[in-house]
Amino acid sequence: MLDIQKIRQTPDEVAAALAKRGYEVDFADFLGLDAKRKEIISEVESLKAERNSVSREIPQIKKQGGDASELLSKMKTVSDRIKELDEAQKTVETEIHDFIAGLPNLPDEDVVAGGKENNEVVSVYGEMPEFDFEFKDHVDLATSLGLIDYERGAKLGGNGFWLYTGVGAKIEWALLNYFITEHIKDGYEFILPPHMLNYECGYTAGQFPKFKEDVFKLETGNFMLPTSETALVNLYRDEILSEDDLPKRLFSYTPCYRREAGSYRSDERGMIRGHQFNKVEMFAFTKPEESDALHKELIEKACRLVEGLGLHYRLSKLAAGDVSASMATTYDIEVYLPSMGIYKEVSSISNARDYQARRGMMRFKREGSKKTEYIHTLNGSGLATSRVLPAILEQFQNADGSVNVPNPLQAFLGTDVIK
RNA sequence: GGAGAGAUGUCCGAGUUGGUUUAAGGAGCUGGUCUUGAAAACCAGUGUGCCUUUACGGGUACCUAGGGUUCGAAUCCCUAUCUCUCCGCCA
């Protein structure tokens, strides 16, 4: 949610910032509604003030044996008018709210305009792997090594589901363990949240109302979380924290459930894009002046995890149009997949600034201050396995079809090579 | 799944035959007095949103949420959510 004051005061600047995303907006209607709202409020509140004072007089009059019937009937009409105005106010406020809630976040000033094509590679780690043999893609490797069963996965869950078997399940679990252990070492608090969340959670995260169709809905009205960010961001919803509570550094592990309706591409074989994948998520709540530093910290943490595995990857700063709606700035970590000849995202590390905090009324108070301020929220995958595992299989494969196990996973697996 | 009880300000807790409660009392917290210092005692203050105001301030809404009745609702009615107790079922 954007700052409504900012829109009132500098609508052109806000529109220009949103235009960097390719999002066009006209604030004329909004400004009209906003003025109408104030008009209604000042009328209805003075009527309510009158009603309150008269309602206090009535029992006095009755007590003294006076006749209040004239006042009562007069107040009846006032009361009816109040009801009308209350209704009108609610209508206007709903319109305003729906409009504001639909607006994406403002990209940071240093985020360039345009879409994906304007993303900027900031750094590259490692060397692009070269093979002096006919290399396989991760689907062939995972199948031939017995790590993943795609056919039975589809039998159980349908298209877009797979199952990890035997050593495959162990690698998956080893990866998650590796990530979790590193976050614990860094002093982050481990959270295991519910996987089924209520509407409010999706709204605060910024997924609702616009992206309702992307999640699995349940009979209860809850939905399956598409990322544990959706859960974590709601931890302090409607709360006012004290300055000492911040920053909060958290992480969680959950599967992520996504409809991904119609978004399959033929080149996305295997576990590149599914309805369910495992992800460890980092999350932080900070004071505004500390969020840039925390963002950097999260990026470095995610990079270290990929480097620990020895994978060749690059770090990109996203252009405005590629930054998701709730975020002000995002860096992507992309690992190289030899079979596709491209880099695929394994982590998105973003600063939402106060956008989510406004939606979920997450605030804090500084020592000695009466004013409440909005918290900044940050999130980043740390990491999602569904693209790390394919990258490991493809980048570390040998001519005989075996795959070398990255260092951090060897102890858990009890081997340095999968045959 | 069945039956019952409950949800009040930072916390505890009173108020539920509708009108000096526009929320008592206590604790906590902040400031002050006193004190060498601290404690105790005493005094004062202590929520959030919105409207209005240069400012001081004023107004309004909020007793889980949403509706309803009424001149007037924490209090009465309806619905939802959550919590607790008992029974049943169950990993």
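In case you missed it, the structure is sitting above this.
Okay, so let's go over this structure. (Residues numbered from 1 in each chain as written. Chains lettered and ligands numbered in written order. Predicted model: local features only at pLDDT ≥ 70, side-chain atom pairs only at ≥ 80, totals over all residues. Heavy atoms only, no water.)

### Some remarks on the overall build of chain A
Stage number 1. When you go through chain A residue by residue, the secondary structure sums to 13 helices and 17 strands.
Stage number 2. Principal-axis analysis of the C-alpha atoms gives chain A an extent of 100 × 45 × 40 Å.
Stage number 3. The buried share of chain A, taken over its 419 residues, is 48%.
Stage number 4. Put simply, chain A shows about 20,400 Å² of open surface, and 49% of that area lies on carbon and sulfur atoms.
Stage number 5. Mean positive and mean negative side-chain charge positions of chain A (52 and 68 charges, respectively) differ by 5 Å. (Helix = DSSP H or I, 4+ residues; strand = E, 2+ residues; numbered from the N terminus. Buried < 20%, exposed > 50% of the residue type's maximum accessible area, 1.4 Å probe, protein only. Areas by Shrake-Rupley, 256 points an atom, 1.4 Å probe, with all protein chains shown as cover. Lys, Arg positive; Asp, Glu negative; His and termini not counted. Charge placed at Lys NZ, Arg CZ, Asp CG, Glu CD.)

### Let's talk about the environment of I148
Stage number 1. With respect to the secondary-structure elements, I148 resides in strand β2 (residues 148–149).
Stage number 2. With 154 residues separating them along the chain, I148 and A302 place their C-alpha atoms 25 Å apart.

### Topic: the side chain of N379
Stage number 1. With respect to the helices and strands, N379 occurs in strand β15 (residues 376–384).
Stage number 2. In contact with N379, not counting residues within four places along its chain, are E229, E281, M282, F283, L298, M327, S348, I349 and S350. (Contact = heavy atoms within 4.5 Å.)

### Let's talk about the nonpolar core
A general tendency of soluble globular proteins is for nonpolar side chains to be buried together.
Stage number 1. Among the nonpolar cores identified, the biggest contains 51 residues, and L309, L311, I333, I392 and L409 are the most heavily contacted of them.
Stage number 2. At eight residues, the largest contribution of residues to this core is made by helix α10 (residues 291–309).
Stage number 3. If we ignore the near neighbours within four places in the chain, the residues touching L409 are I171, A174, L175, Y178, L309 and I392. (Core = buried A, V, L, I, M, F, W, Y, C linked by side-chain atoms within 4.5 Å.)

### Considering the pairing of β15
Within a regular strand, side chains alternate between the sheet's two faces.
Stage number 1. Counting buried positions over the nine residues of β15 gives nine, a clear majority of the element.
Stage number 2. Across seven bridges, the pairing between strand β9 (residues 276–286) and β15 is antiparallel. Bridge assignment links E281 to a residue of β15, and that residue is S381.
Stage number 3. Pairing of strand β12 (residues 342–353) with β15 involves four bridges; the strand directions are antiparallel. Counted as the bridge partner of S350 is N379 from β15. (Pairing = 2+ DSSP bridges.)

### A look at the protein's contact with RNA strand B
Stage number 1. As a matter of local geometry, RNA strand B sits amid 25 residues, with E45, S79, K90, R363 and K365 nearest to it.
Stage number 2. The protein-proximal atoms of RNA strand B, defined as those within 4 Å of the protein, are 72% sugar or phosphate.
Stage number 3. At 3.1 Å, a side-chain N or O of R37 approaches a sugar or linking oxygen of RNA strand B.
Stage number 4. Between a sugar or linking oxygen of RNA strand B and a main-chain N or O atom of L72, the distance comes to 3.5 Å.
Stage number 5. If you list the elements that add at least two residues to the surface near RNA strand B, you get α3 (28–63), α4 (69–101) and β13 (363–365).
Stage number 6. Of the residues forming the surface near RNA strand B, the biggest block, 13 residues, is contributed by α3.
Stage number 7. Residue composition of the surface near RNA strand B, grouped by class: seven nonpolar, four polar and 14 charged. (Near = heavy atom within 4 Å. Polar contact = N/O pair within 3.5 Å; in protein donor to acceptor, adjacent residues only side chain to side chain. Nonpolar A, V, L, I, M, F, W, Y, C, P; charged D, E, K, R; others polar.)

### What about helix α2 (residues 11–19)?
Stage number 1. Along α2, the residues classified as buried are P11, V14, A17 and L18. Along the axis of α2, the buried positions cluster into a sector of 125°, meaning they face one direction only. Away from its buried face by more than 90 degrees, α2 exposes D12 and E13.
Stage number 2. In this structure, the buried residues of α2 make contact with α1 (4–9) and α3. (Arc of directions from axis to C-beta.)

### Quick notes on the packing of aromatic side chains
Stage number 1. Taken as a whole and judged by the stated rule, the model has 15 aromatic pairs.
Stage number 2. Taking the centre distance of 5.0 Å and the plane angle of 55° together, the rings of F283 and F285 count as tilted.
Stage number 3. The exposure class assigned to F283 is buried, which follows from its relative accessible area of 0%.
Stage number 4. What links up through ring pairs into an aromatic cluster is the set F27, F30 and F99.
Stage number 5. Across from the ring centre of Y188, 4.1 Å away, lies the NZ or CZ of K301, which sits over that ring.
Stage number 6. If you follow R359 out to its NZ or CZ, it ends over the ring of Y203, 4.2 Å from the centre. (Phe/Tyr/Trp six-rings, centres within 6.5 Å; stacked < 30°, edge-to-face > 60°. Lys NZ or Arg CZ within 6 Å of the ring centre and 35° of its normal.)

### Some points on unusual backbone geometry
Glycine aside, negative phi is the norm for most residues, and most peptide bonds take the trans geometry.
Stage number 1. With omega at 0°, the peptide bond leading from F208 into P209 counts as cis.
Stage number 2. With respect to the secondary-structure elements, P209 resides in the loop between α8 (199–205) and β6 (223–224).
Stage number 3. In this structure, the amide linkage connecting L246 to the following residue, P247, adopts the cis form with an omega of -5°.
Stage number 4. Even without glycine at this site, R353 takes up a positive phi of about 50°.
Stage number 5. As for its position among the elements, R353 is in strand β12.
Stage number 6. Taking relative accessible area as the criterion, R353 reaches 18% and is therefore assigned buried.

### Digging into the pattern of salt bridges
Stage number 1. As enumerated under the stated definition, the model contains 24 salt bridges in all.
Stage number 2. Between K317 and D110 there is a salt bridge; the shortest N-O distance is 3.2 Å. Of the two residues, K317 is situated in strand β10 (residues 313–317) and D110 in the loop between α4 and β1 (120–125); the sequence distance between them amounts to 207 residues.
Stage number 3. The buried category is assigned to K317, whose relative accessible area is 12%.
Stage number 4. A salt bridge links R353 to D292; the shortest N-O distance between them is 2.8 Å. Linking R353 in strand β12 with D292 in helix α10, this pair joins segments that are 61 residues apart in sequence. (Salt bridge = Lys/Arg side-chain N within 4 Å of Asp/Glu carboxyl O.)

Any link to function would need more than the numbers given here.
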